[in-house]
Amino acid sequence: MKPDWLDTTEYPFKSRFLELEAGKMHYIDEGEGHPIVMIHGTPSWSFVYRNLIKILSKKYRCVALDLIGFGLSDKPKDWSYKPRAHALNFESLMEHLQLKDITLLVHDFGAPIGLAYAIKHPERIKNIVMLNTWTWSLSSHQTFSKASKYLIGPLGKFLHSKLNVTTNTLVHELFGHESKLPEKIQEQYTKALGDPDEPVSSLACARELVGVSKWYDELWKERKKIRDIPTLILWGERDKLVKIEALQRWKKFFHECYVLHFEDSGHFLMEERADDVAGYVSNFIKEEEKKKEKAEHQH
């Protein structure tokens, strides 16, 4: 049953569910061909990718999930909500769908969840696409050679400072400042979190974002496994949460990475510039295919 607040003209996809220990996890699986798997951040859900999916599903198979506690997935009161638990759920979905040669597309908090899977199964990941994300905030050394400490990402800090505001206020603050997002679209984010007048502190997912540095440290030790995966980074420069320094760190990290700057856009590029983002993602996948074919011919 789709909830009555859901705008099915904006989000016209068939809902699918995977039964997990934590509850039912909602996902959509649209189109055919090379799989693009999209992981949202917080406090959004797969709705944030709807415009990308409408365009890209004409040529590709687009899979987008709602993490437990978000969107149309179950919101159990007594579940962990820590990133490690989300990452295990994501892995369960990937096992269920048996995908390979994946283009992994991640945004803000979706990055550690997706990259944890990539580190564990690098052979299944063909490309990575990143949109405004921090994942690894390094210690003051800012070099990749020293053992670097993680700090919780800026979105986590932002959420923590907002635990006393209502869900409604949080959504307005996140989207309102930087994009002219229509009220009816903002509503799809607010309603998906539950009661708009609830304080954010009632969302376990917001509380659990803080204090996960040990897990990040474990990921970081394994980072070499994904350094060679071709990566496209699309960056909205007006992001008030994830600053440009995070982008510099990513550029140093990946061996082969292409970066495109959006000077007039903020944190939610896929809301503000869906057509452009879809075009760049599609071109990137095609270029990588060509390179692979060329390399095979030379061998």
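Above this text is the structure in question.
Residues numbered from 1 in each chain as written. Predicted model: local features only at pLDDT ≥ 70, side-chain atom pairs only at ≥ 80, totals over all residues. Heavy atoms only, no water.

**A look at the packing of aromatic side chains**
All chains considered together, the criterion is met by 15 aromatic pairs. Taken together, a centroid distance of 5.1 Å and an interplanar angle of 80 degrees make the contact between Y11 and F13 edge-to-face. On the accessibility criterion, Y11 (0% relative accessible area) is buried. Residue F13 is classed as buried on the basis of its relative accessible area, which comes to 5%. A ring pair is formed by F90 and Y117, whose centres lie 5.4 Å apart and whose planes are at 80 degrees; its orientation type is edge-to-face. Of this pair, F90 sits in helix α2 (residues 83–97) while Y117 sits in helix α3 (residues 110–120); the two residues are 27 residues apart in sequence, bridging distant segments of the chain. (Phe/Tyr/Trp six-rings, centres within 6.5 Å; stacked < 30°, edge-to-face > 60°. Buried < 20%, exposed > 50% of the residue type's maximum accessible area, 1.4 Å probe, protein only. Helix = DSSP H or I, 4+ residues; strand = E, 2+ residues; numbered from the N terminus.)

**Regarding the environment of I68**
With respect to the helices and strands, I68 occurs in the loop between β4 (61–65) and α2. When neighbours within four sequence positions are excluded, I68 is seen to be in contact with L20, A22, G23, K24, M25, S73, D74, P76, W79, Y81, H86 and N89. (Contact = heavy atoms within 4.5 Å.)

**Let's talk about the side chain of N132**
Structurally, N132 is set in the loop between β6 (125–131) and α4 (154–161). One polar contact links N132 to D239, side chain to side chain, over a distance of 2.8 Å. (Polar contact = N/O pair within 3.5 Å; in protein donor to acceptor, adjacent residues only side chain to side chain.)

**Here we look at helix α9 (residues 244–253)**
Those residues of α9 not exposed but buried are A246, L247, R249, W250 and F253. All buried residues of α9 lie within an arc of 160 degrees about the axis, which places them on one face of the element. (Arc of directions from axis to C-beta.)

**Focus: the packing of α2 against α3**
At their nearest, the axes of α2 and α3 sit 9 Å apart, and the two run at 60 degrees to each other. By the angle between their directions, the pair α2 and α3 is classed as oblique. Considering how the two elements wind past one another, α2 and α3 form a crossing that is right-handed. On α3, the residues touching P83, H86, A87, L88, F90, E91 and M94 of α2 are I113, G114, A116, Y117 and K120. (Axes fitted to C-alpha atoms, helices over the stretch in contact; angles between N-to-C directions. Parallel < 35°, antiparallel > 145°, perpendicular 65-115°, else oblique. Left-handed = near helix turned anticlockwise from the far one by under 90°.)

**Thoughts on unusual backbone geometry**
In this structure, the amide linkage connecting T42 to the following residue, P43, adopts the cis form with an omega of 5 degrees. For P43, the position within the fold is in the loop between β3 (35–39) and α1 (50–56). Although it is not a glycine, D101 sits at a positive phi angle of roughly 50 degrees.

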